[in-house]
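# Geometric and topological summary
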Amino acid sequence: MATAPEKPEQLLETSVPLSQSAIWRLQSDYYSQRGLKAWTEDLVPSYITNNPFIAQIYAEIVAAFLQDCLGCPEPPAVSPESPLRILELGAGTGKFSYLFLRRLMPLLEAKGLPPQTVRYTLTDCSEELLAYWRSNEYLKEFSRSGILEFELLRAGDRAAAAATATAGSPLVVIANYVFDSLPQDAFVIQNGAISEALITASAAGNSQSPATLGDLQLSFSNAPVPPQRYADPSWNEILEHYRRELPAATIFFPSAALTLLQQLSQSTRGRMLVLAGDKGFAHQQELTLTQGPPSLEFHGSRRCFSSMVNFGAISRYFAATGGVALLPSKHFTSLNICAFLGRGALAEYPRTAVAYQQAVEAFGPDDLFAVMSWLNAYLESISLAQALSVLRLTHWDTTAFLRIFPVIAPKLRSVVAERSDLRDAVLRVWDNRYPVDPADNLLAFDCGVVLLELRFHSEAAQMFKASEQLLGKTAAISYNLGLCALALDRRAEALEHMTEACRLDPSFQAARASREGLEKEIG
């Protein structure tokens, strides 16, 4: 039996340094073209760096850095005219920036500083994302006051420094899940020798531009490393250090991240704080755990990927250039939050160092993620008191609330002791809303159900009206609005809602019974 001939393999590149591979361009093109859909449809991971818990940590560290800068005699002084610039790279949905600014503003107010003391620039590589941010009603809270700006920026481009502050102004760089997606080189260390892992990429057929990264076959070969592999002597010294100290390891070298940080630091006179939340290695001994060919982790139906970040190399670079690194003491974590300070001794940033230690060392976002993942198996048996504890632990996270709502809803009607605490919890969760996915719009309805069951009828009605604006009129929303109006002794209004519920769902027996009872009573 005849079979179709196999498609010939097309070589796209052969034995090139990893940072120069076409895979990075394909990845950048993916994020540029997919925009918001990368997170809403392709489900690229993002929760661990887009929640109130991590936003609070970053806000406290940045507020401390601002205080240290205010105490610095070097001009220009931080003020509304010369603000502290905050540059978020690869901001994606924009949710982190919203939650961060909601927490930073009260910290500034407590110190008597006007909001315009900071200027936040939200950046990404997608025009579609910029349009989404500009039209986002939640971000307008800050963009209208001049605190928040939007810029198109590919984090790996050499033009990245154009998005920085006025020359000399201090700068905060926020890079969550960014460095793991920027071009890196890879090196293999074995028995005191170091070689570079070069990548070869091929695809089936004759296409020079495969539709997705998933179409590619990747392989690596090792080649000798010249003594002056990089133009920057400090980079070469880092490689030499690894060659001397590591018995065997495959390491990534964050060449694009270091280039970007070099560019950004040039206009700050050393007053720069980098906050990076990413998967990676912060301690040298962890590097020996990775051996063999470099490992790339694919996401989004294999249309994008990430690699481990060598925070130790970034730390050594900052030390070589007169800076300081603040690294977590924990090992083997799913998320490292690392801080890097530009030129200057740690004594110049005492509040920043204390805020970092307090925020990261006690209980971090990775700990929260681990606890929430473990809790999934026990959600069905969670009590109301335990649910309140979970919400407090997450700093009133909307995702956590939506996960536990189906379990706590049937238990609410008989609540006595926790009634006021549950009401306060619902309102604090609601304050953290930033809908990205259509499923997030269920939050208003679920909050309304909790408040209705707890007999806070006026606030429940407000939630159901918000739900109606988001989801449109439904029989369930109209019926619940009718129950709220009835409890508030607004019978004519209640009859209107019950009539609407029956119109939307003629088989809705509870709505029909309420409507008939109200008609008799009013008639």
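Please refer to the structure higher up on the page.
So, a few notes on the structure that sits alongside this text. (Residues numbered from 1 in each chain as written. Predicted model: local features only at pLDDT ≥ 70, side-chain atom pairs only at ≥ 80, totals over all residues. Heavy atoms only, no water.)

## A word on the packing of aromatic side chains
Enumeration over the complete set of coordinates arrives at 25 aromatic pairs. With 5.0 Å between their ring centres and 55° between their planes, Trp24 and Phe305 make a pair best called tilted. Of this pair, Trp24 sits in helix H1 (residues 22-34) while Phe305 sits in strand E13 (residues 304-306), placing them 281 residues apart in sequence. By the burial criterion, Trp24 is buried, and Phe305 matches it. (Phe/Tyr/Trp six-rings, centres within 6.5 Å; stacked < 30°, edge-to-face > 60°. Helix = DSSP H or I, 4+ residues; strand = E, 2+ residues; numbered from the N terminus. Buried < 20%, exposed > 50% of the residue type's maximum accessible area, 1.4 Å probe, protein only.)

## Brief notes about helix H13 (residues 398-408)
Within H13, the full set of buried residues consists of Thr398, Ala400, Phe401, Ile404, Phe405, Val407 and Ile408. Axial view of H13: buried residues confined to an arc of 160°, hence all on one face. Those residues of H13 that are buried lie in contact with helix H4 (95-110), helix H11 (365-375), helix H12 (384-393), helix H14 (419-431) and helix H15 (442-453). Capping the start of H13, Asp397 holds a side-chain oxygen 3.5 Å from the backbone nitrogen of Thr399, two or three residues further along. (Arc of directions from axis to C-beta. Contact = heavy atoms within 4.5 Å. Polar contact = N/O pair within 3.5 Å; in protein donor to acceptor, adjacent residues only side chain to side chain.)

## Examining unusual backbone geometry
Phi angles above zero are rare outside glycine, and His395 is one such case at about 60°. Tracing the backbone through its elements, the reader meets His395 in the loop between H12 and H13. Residues other than glycine seldom take positive phi values, yet Asp489 does so here, at roughly 65°. With a relative accessible area of 57%, Asp489 lands in the exposed category.

## A short note on the environment of Asp124
In this structure, Asp124 sits in strand E3 (residues 118-124). Classification of Asp124 by relative accessible area gives buried; the value is 7%. Put simply, Asp124 and Arg154 are 30 residues apart on the chain and 6.2 Å apart in space, counted from C-alpha to C-alpha. Other than its neighbours up to four places away in sequence, Asp124 contacts Gly90, Ala91, Gly92, Leu129, Leu130, Trp133, Glu151, Leu152 and Leu153. Polar contacts involving the side chain of Asp124 include one to the main-chain amide nitrogen of Ala91, which spans 3.2 Å.

## A short note on the side chain of Gln56
For Gln56, the location among the structural elements is in helix H3 (residues 52-70). Apart from residues lying up to four places away in sequence, Gln56 is in contact with Arg103 and His395.

## A short note on the pairing of strand E10 (residues 272-278)
The element E10 is extensively covered by neighbouring structure, given that 7 of its 7 residues are classed as buried. A two-sided burial pattern is seen for E10, the buried positions comprising Met272, Val274, Ala276 and Asp278 on one face and Leu273, Leu275 and Gly277 on the other. Looking at chain direction, strand E5 (residues 171-176) and E10 are connected through 6 bridges and run parallel. Paired with Val172 across the strands is Leu273, a residue of E10. With 6 bridges joining them, E10 and strand E16 (residues 336-341) adopt antiparallel strand pairing. Residue pairing across strands places Val274 opposite Phe340, the latter belonging to E16. (Pairing = 2+ DSSP bridges.)

## Things to note about the nonpolar core
With 106 residues, the main nonpolar core has Phe100 and Leu104 as its most contacted residues. Looking at this core element by element, the count peaks at 13 residues for H3. In this view, Phe100 contacts Ala55, Tyr58, Ala59, Val62, Ile86 and Tyr120; residues no more than four positions away in its chain are not counted. Listed in part, the 42 residues of the second largest apolar core include Ile189, Leu246, Ala256 and Leu287. (Core = buried A, V, L, I, M, F, W, Y, C linked by side-chain atoms within 4.5 Å.)

## A closer look at the packing of H15 against helix H17 (residues 475-487)
At a minimum axis separation of 11 Å, H15 and H17 run at an interaxial angle of 30°. In terms of axis orientation, H15 runs roughly parallel to H17. The two elements H15 and H17 cross, and the hand of that crossing is left-handed. Facing H15, whose interface residues are Phe445, Val449 and Leu452, H17 presents Ala476, Ile477, Asn480, Leu483 and Cys484. Class assignment of the residues belonging to the contact of H15 with H17 gives a composition of 7 nonpolar, 1 polar and no charged. (Axes fitted to C-alpha atoms, helices over the stretch in contact; angles between N-to-C directions. Parallel < 35°, antiparallel > 145°, perpendicular 65-115°, else oblique. Left-handed = near helix turned anticlockwise from the far one by under 90°. Nonpolar A, V, L, I, M, F, W, Y, C, P; charged D, E, K, R; others polar.)

## Some thoughts on the environment of Pro83
Of note, Pro83 is situated in the loop between H3 and strand E2 (84-89). For Pro83, a relative accessible area of 7% puts it in the buried group. Put simply, Pro83 and Gly71 are 12 residues apart on the chain and 14 Å apart in space, counted from C-alpha to C-alpha. Among all residues touching Pro83, those that are not within four sequence positions of it are Val78, Gln116, Thr117, Val118, Arg119, Ser169 and Pro170.

## Brief notes about the pattern of salt bridges
One pass over the full model with this rule turns up 26 salt bridges. Here Asp42 ties to Arg303 by a salt bridge, and the two come within 3.0 Å at their closest N and O atoms. You can see Asp42 sitting in the loop between helix H2 (37-40) and H3 and its partner Arg303 sitting in the loop between strand E12 (297-299) and E13, a full 261 residues away along the chain. The class of Arg303 is partly exposed, set by a relative accessible area of 24%. With its nearest N and O atoms 3.2 Å apart, the salt bridge here joins Arg351 to Asp68. Within this pair, whereas Arg351 is found in helix H10 (residues 350-362), its partner Asp68 is found in helix H3, the two being separated by 283 residues in sequence. A residue is classified by how much of its surface remains accessible, and Asp68, at 5% relative accessible area, is buried. Salt bridges sharing partners connect three or more residues here, namely Arg34, Glu41, Asp42 and Arg303. (Salt bridge = Lys/Arg side-chain N within 4 Å of Asp/Glu carboxyl O.)

## Looking at the sheet that holds strand E15 (residues 324-326)
Here we have 7 strands laid out as an open sheet, ordered E4-E3-E2-E5-E10-E16-E15, and mixed in their pairing. Sheet topology places strand E4 (148-152) and E15 at the edges, where each strand pairs with a single neighbour. The average angle at which neighbouring strand axes cross in this sheet is 20°, direction not considered. Here E15 pairs with E16 via 3 bridges, running antiparallel. For Val324, the partnering residue across the bridge sits in E16 and is Leu341. In this fold H3 packs onto E2, E3, E5, E10 and E16, with an angle of close to 165° to the strand it touches most, E10.

## Observations regarding the environment of Asp68
When the C-alpha atoms of Asp68 and Arg403 are compared, they prove to be 40 Å apart, with 335 residues separating the residues in sequence. Excluding residues that lie within four positions of it along the chain, Asp68 makes contacts with Glu348, Tyr349, Pro350, Arg351 and Thr352.

## Structural notes on helix H5 (residues 127-135)
Two residues of an α-helix separated by three or four positions point the same way, owing to the 3.6 residues in each turn. Residues of H5 that are buried: Leu129, Leu130, Tyr132 and Trp133. Taken down its axis, H5 places every buried residue within 160° of arc, on the same side. The N-terminus of H5 is capped by Ser126, whose side-chain oxygen sits 3.2 Å from the backbone nitrogen of Glu128.

Purely spatial values, then, with no claim about function.
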